Amino acid sequence: HRHLLGIEHLAPSDITAILDLADTYADLNRQSDKHGTALAGLTQINMFFENSTRTQASFELAGMRLGADVMNMSMQTSSVKKGETLIDTAMTLNAMHPDLLVVRHPHSGAVDLLAQKVNCAVLNAGDGRHEHPTQALLDALTIRRAKGRLHRLNIAICGDIAHSRVARSNILLLGKMENRIRLIGPPTLMPAGIADFGVEVYQDMAAGLEGVDVVMMLRLQKERMDGGFIPSEREYYHRYGLDAEKLACAREDAIVMHPGPMNRGVEIDGTLADDINRSVIQDQVEMGVAVRMAAMDLLARNLRNRAAA
Ligand code: CP
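The numbers attached to residues start from 1 for each chain and follow its sequence in the written order. Local features are withheld for residues below a pLDDT of 70 in this predicted model, meaning they are given only at 70 or higher, and side-chain atom pairs are given and counted only at 80 or more; totals for whole chains, interfaces and linings count all residues. To obtain the side-chain values, all non-hydrogen atoms of the structure were included, while hydrogens and water were left out.

### Remarks on unusual backbone geometry
Our working rule: Numbering of helices and strands starts at the N terminus; helices are DSSP runs of H or I of at least 4 residues and strands are runs of E of at least 2. Summary of the burial criterion: residues with accessible area below 20% of their type's maximum are buried, those above 50% are exposed, and those between are partly exposed, where the area comes from a 1.4 Å probe applied to protein chains only.
Across the junction of G260 and P261, the peptide omega takes the value -10 degrees, indicating a cis bond. Mapped onto the fold, P261 is located in the loop between strand 9 (255-257) and helix 10 (270-273). Its identity is not glycine, yet R152 carries a phi of approximately 50 degrees, on the positive side. The exposed category is assigned to R152, whose relative accessible area is 64%.

Shown next, in the form of structure tokens:
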């Protein structure tokens with residue numbers, strides 16, 4: 001593959017290859033010397049048109065640990081503020097010969113469009129409510145390390161599915177790897193036609209969580225609700241917020257996940273989120289660096305192979 005735009009384009013063997021390499025980078029990241037050379041000589045530009053803590057920091061660290069020259073464009077102070085378009089901005093940076101462009105954008109499809117205009121490899125760091133492929137890959141690696149496998153698991157994804165690119169990429173990935181997926185949330189936060197994706201849909205947390213191996217919580221994404229129905233946080237927490245009582249419906253060894261940023265007391269109880277016997281939220285963050293190192297390493301190998309051909 002030339003780019004990493006979505007899980008949609010990956011075969012199960014691609015996913016396994018990225019996770020296997022990421023496992024080796026997870027080991028490297030626990031050493032005192034974390035340096036590799038896979039991206040030596042290459043230039044990586046991070047363009048985040050939307051806020052980020054985890055994704056931006058981990059892409060930056062991943063590039064630096066593998067020897068790339070990494071530049072973070074500050075979109076808030078760029079000429080986008082003077083009216084320059086996304087494509088003109090990308091073409092301007094393209095003229096500086098980057099090798100890897102990491103892009104987050106509020107509009108679904110914007111990163112795909114940009115990838116058609118530039119010469120370098122493009123990695124989607126989240127586009128609107130469309131895809132967030134490296135998040136699904138780091139979630140998959142976290143699950144595989146915690147459960148010892150990434151197939152035939154019962155996985156519940158709970159909350160605001162309709163506005164979530166994380167849910168969409170996870171549904172695609174976990175489905176490709178032959179897991180059983182349950183979506184739990186109010187009908188107002190469930191996308192139309194979602195049952196066609198081979199998932200089971202529940203409105204009731206207790207029923208949906210019954211016997212699952214993995215519980216993945218999502219944030220209410222108010223910034224994408226476009227003035228539509230926004231549930232009251234108190235009512236939402238009562239019905240859909242994960243606490244020890246609701247988690248008791250899942251398997252005794254079920255793990256709790258959240259992509260972050262999390263709103264404690266809205267979709268998840270803070271004490272449960274911090275319970276290292278159940279929560280793998282910090283492991284997800286750790287695996288984020290390893291997965292992004294692996295994804296950029298594999299794209300860089302393709303760049304070098306194409307250049308040599
Ligand atoms: N999970 C995630 O994408 O977090 P950030 O928005 O902080 O990057």
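### So, the packing of aromatic side chains
Let me state the cut-off plainly: Note on aromatic pairs: the rings of Phe, Tyr and Trp (six-membered ring only in Trp) are paired at centre separations within 6.5 Å, and the planes decide the class, stacked below 30 degrees, edge-to-face beyond 60, tilted for the rest.
All chains considered together, the criterion is met by 1 aromatic pair. Plain terms: the ring middles of Y236 and Y240 are 5.6 Å apart, the flat faces sit at 35 degrees to each other, and that makes the pair tilted. Residue Y236 and its partner Y240 are located together in helix 8 (residues 233-240), separated by 4 residues, close to a single helical turn. When sorted by exposure, Y236 lands in the same class as Y240, which is buried.

### Some words on the pattern of salt bridges
The cut-off we apply is this: Basic side-chain nitrogens of Lys or Arg form a salt bridge, by our definition, when they fall within 4 Å of a carboxyl oxygen of Asp or Glu.
Summed over all chains, the structure comprises 14 salt bridges. Its salt-bridge partner being R224, residue E50 comes within 3.1 Å of it at the nearest N-O pair. Taken together, the positions of E50 in the loop between strand 1 (43-48) and helix 2 (54-65) and R224 in the loop between strand 8 (214-217) and helix 8 put the pair 174 residues apart, joining distant regions of the chain. E200 is the partner of R180 in a salt bridge, and the nearest nitrogen-oxygen pair spans 3.0 Å. Of the two residues, R180 is situated in strand 6 (residues 180-184) and E200 in strand 7 (residues 200-202); the sequence distance between them amounts to 20 residues. Connected through salt bridges with shared partners, the residues D20, D23, R144 and R145 form a single ionic network.

### Focus: the site of the ligand
What counts here: The near set for a molecule or strand comprises every residue that places at least one heavy atom within 4 Å of it. Definition of a polar contact: a pair of N or O atoms within 3.5 Å, with one able to donate and the other able to accept a hydrogen when the atoms are protein atoms, and with sequence-neighbouring residues admitted only if both atoms are side-chain atoms. Every accessible area reported is derived by Shrake-Rupley at a probe size of 1.4 Å, with residue values counting cover from the shown protein chains alone. Buried and open spaces are told apart on a 1 Å grid over the protein atoms alone, a cavity being a set of points where a 1.4 Å probe fits but cannot get out and a pocket being an open set with protein on both sides within 12 Å along at least five of seven lines. Residues with an atom within 4 Å of a point are the lining residues. Just a note on the criterion: a molecule sits in a pocket or cavity if more than half of its atoms are within 2 Å of the grid points.
In the vicinity of the ligand, the residues found are S52, T53, R54, T55, R104, H132, Q135, P259 and G260. Between the ligand and Q135, the relevant distance is 2.9 Å, taken from a nitrogen atom to a side-chain nitrogen or oxygen of the residue. The protein chains hide 92% of the 260 Å² of surface that the ligand would expose on its own. When atoms are counted within 2 Å of each cavity's grid points, the one that captures over half of the ligand is the largest pocket.

### Focus on the packing of helix 5 (residues 133-147) against helix 6 (residues 165-176)
Note the threshold: Note on definitions: angles span 0 to 180 degrees between N-to-C directions of axes, and those axes are lines fitted to C-alpha atoms, for helices only across the stretch in contact. To sort the angles, those under 35 degrees are grouped as roughly parallel, those over 145 as roughly antiparallel, those from 65 to 115 as roughly perpendicular, and the leftovers as oblique. Put simply, a crossing is left-handed when the front helix is turned counterclockwise from the back one by less than a right angle, and right-handed when it is turned clockwise. Residue contacts are defined here by distance: any two heavy atoms, one from each residue, within 4.5 Å place the two residues in contact. Residues are grouped as follows: Ala, Val, Leu, Ile, Met, Phe, Trp, Tyr, Cys and Pro are nonpolar; Asp, Glu, Lys and Arg are charged; every other residue, Gly included, is polar.
The geometry of helix 5 relative to helix 6 is characterised by a closest axis approach of 8 Å and an angle of 55 degrees between their N-to-C directions. On the basis of their axis angle, the class for helix 5 and helix 6 is oblique. With respect to the hand of their crossing, helix 5 and helix 6 are arranged in right-handed fashion. Of the residues in helix 6, those touching helix 5 at P133, Q135, A136, L137, D139, A140 and I143 are V166, S169, N170, L173 and L174. Its residues assigned to classes, the contact of helix 5 with helix 6 shows 8 nonpolar, 3 polar and 1 charged.

### Comments concerning the environment of Y25
Position of Y25 relative to the elements: it lies in helix 1 (residues 12-28). Considering only alpha carbons, one finds Y25 and R306, 281 residues apart in sequence, at a separation of 24 Å. Excluding residues that lie within four positions of it along the chain, Y25 makes contacts with A38, L66, A290, M293, A294 and D297. At 2.6 Å, the side chain of Y25 and the side chain of D297 are in polar contact.

### Observations concerning the UniProt feature "domain: Aspartate/ornithine carbamoyltransferase carbamoyl-P binding" (unreviewed entry) in the protein chain
Counted only if it meets this: UniProt positions are given in the numbering used here, feature names are shortened, and annotations may be inferred rather than shown by experiment.
Mapped onto this numbering, the UniProt entry gives "domain: Aspartate/ornithine carbamoyltransferase carbamoyl-P binding" (unreviewed entry) at residues 2-144. In the segment residues 2-144, helix accounts for 39% and strand for 17%; the C-alpha atoms at its two ends are 26 Å apart.

### Here we look at the side chain of N179
Structurally, N179 is set in the loop between helix 6 and strand 6. Within the local environment of N179, its side chain forms a polar contact with the backbone nitrogen of L153, the two atoms lying 3.0 Å apart. From its side chain, N179 meets the backbone oxygen of L174 in a polar contact 3.0 Å long. Excluding residues that lie within four positions of it along the chain, N179 makes contacts with L150, H151, R152, L153, I155 and L174.

### Observations concerning helix 6
We count it as follows: Helix span, expected: 1.5 Å multiplied by one less than the number of residues in the helix.
The terminal C-alpha atoms of helix 6, which comprises 12 residues, lie 17 Å apart, in line with the 16 Å expected from a rise of 1.5 Å per residue. Across the 12 residues of helix 6, 9 count as buried, placing the element largely inside the fold. Buried within helix 6 are the following residues: R165, V166, A167, S169, N170, I171, L172, L173 and L174. You can read the cap of helix 6 off the contacts: a side-chain oxygen lies 3.2 Å from the backbone nitrogen of V166, and it is on S164. Remark: E178 follows helix 6 within two positions and exhibits a positive phi of approximately 65 degrees.

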